[in-house]
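Read off the chains here:
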Amino acid sequence: FLRASRPPPPRAAPPAAAAPAAVLPGTDAATLVAAAGAVPLPSAAHLPAAELVEAARQLDASEAWGVALSGSQWGAVAAAAGGVLAKEVLYRETHRIGIDTRSPTLIANAWHHRSDALSSVVAGVGVVGGAMGATALDPLAGLVVAGMVA
């Protein structure tokens, strides 16, 4: 069933880059929120979930990007963003392993992860659009996600 193959060649380490402010010691989500007005996705990937939730709560009291979201809406946006990030990581790793092992099943599963990420994007757009006054956008996004799942 599984055949032995040579291990793939070692990957070269990426060049060292300057650390972004979000990964400096002592920098927490509250400091990021105060400094930038929002937690950017690329630098939020390393933060513990509790810090992300606290950052979302602090953003609840403010307006970011001209959009006032309630606490539950920020939670929905955070969940959608986290889903996009997690599913994209799963897509990349599963696809890489599928290519390395020449497994069509793993490659197909990788694309399933990518479609899940896209449905999270649609959900996030629906929540933010609804908060911006386009009230029909949230249920429309729900229909689009339902169509993607079906």
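Anyway, here's the lowdown on the structure attached to this text.

Quick notes on the rules
- Residues numbered from 1 in each chain as written.
- Predicted model: local features only at pLDDT ≥ 70, side-chain atom pairs only at ≥ 80, totals over all residues.
- Heavy atoms only, no water.
- Helix = DSSP H or I, 4+ residues; strand = E, 2+ residues; numbered from the N terminus.
- Contact = heavy atoms within 4.5 Å.
- Areas by Shrake-Rupley, 256 points an atom, 1.4 Å probe, with all protein chains shown as cover.
- Phe/Tyr/Trp six-rings, centres within 6.5 Å; stacked < 30°, edge-to-face > 60°.
- Lys NZ or Arg CZ within 6 Å of the ring centre and 35° of its normal.
- Buried < 20%, exposed > 50% of the residue type's maximum accessible area, 1.4 Å probe, protein only.
- Patch = residues over 30% accessible without salt bridge, like charges linked within 9 Å, V, L, I, M, F, W, Y side chains within 5 Å.
- Salt bridge = Lys/Arg side-chain N within 4 Å of Asp/Glu carboxyl O.

1. Thoughts on the overall build of the chain
Step number 1: Counting its regular elements, the chain contains six helices and zero strands.
Step number 2: Look at the contacts in the chain between residues 6 or more apart in sequence, and 41% of them connect residues 24 or more apart.
Step number 3: In the structure as shown, the chain presents an accessible area of about 10,000 Å², 67% of it carried by carbon and sulfur atoms.

2. Here we look at the packing of aromatic side chains
Step number 1: Within this structure, the stated rule accounts for one aromatic pair.
Step number 2: For the cation-ring pair, Arg-114 lies above Tyr-91, with the distance from its terminal atom to the ring centre recorded as 3.8 Å.

3. A look at the environment of Thr-105
Step number 1: Within the secondary structure, Thr-105 is located in helix H5 (residues 104-131).
Step number 2: What makes Thr-105 exposed here is its relative accessible area of 61%.
Step number 3: On a C-alpha basis, the gap between Thr-105 and His-95 in space is 9.9 Å, while along the polypeptide they are 10 residues apart.

4. What to know about the environment of Ser-115
Step number 1: Its place among the elements puts Ser-115 in helix H5.
Step number 2: Taking the relative accessible area as the measure of exposure, Ser-115 reaches 29% and is therefore partly exposed.
Step number 3: Remark: the alpha-carbon pair of Ser-115 and Val-84, spanning 31 residues in sequence, is separated by 9.7 Å.

5. Examining a nonpolar patch on the surface
Step number 1: On the surface, a nonpolar cluster with roughly 460 Å² of combined accessible area is contributed by Leu-118, Leu-140, Leu-143, Val-144 and Met-148.
Step number 2: Tallying contributions element by element places helix H6 (residues 137-149) first for the nonpolar patch, with four residues.
Step number 3: Among the structural elements, Leu-118 can be located in helix H5.
Step number 4: A residue is classified by how much of its surface remains accessible, and Leu-118, at 46% relative accessible area, is partly exposed.

6. Structural notes on the environment of Gly-126
Step number 1: One can find Gly-126 in helix H5.
Step number 2: Considering only alpha carbons, one finds Gly-126 and Ala-136, 10 residues apart in sequence, at a separation of 8.5 Å.
Step number 3: When sequence neighbours within four positions are dropped, the list of residues in contact with Gly-126 reads Leu-137, Asp-138 and Ala-141.

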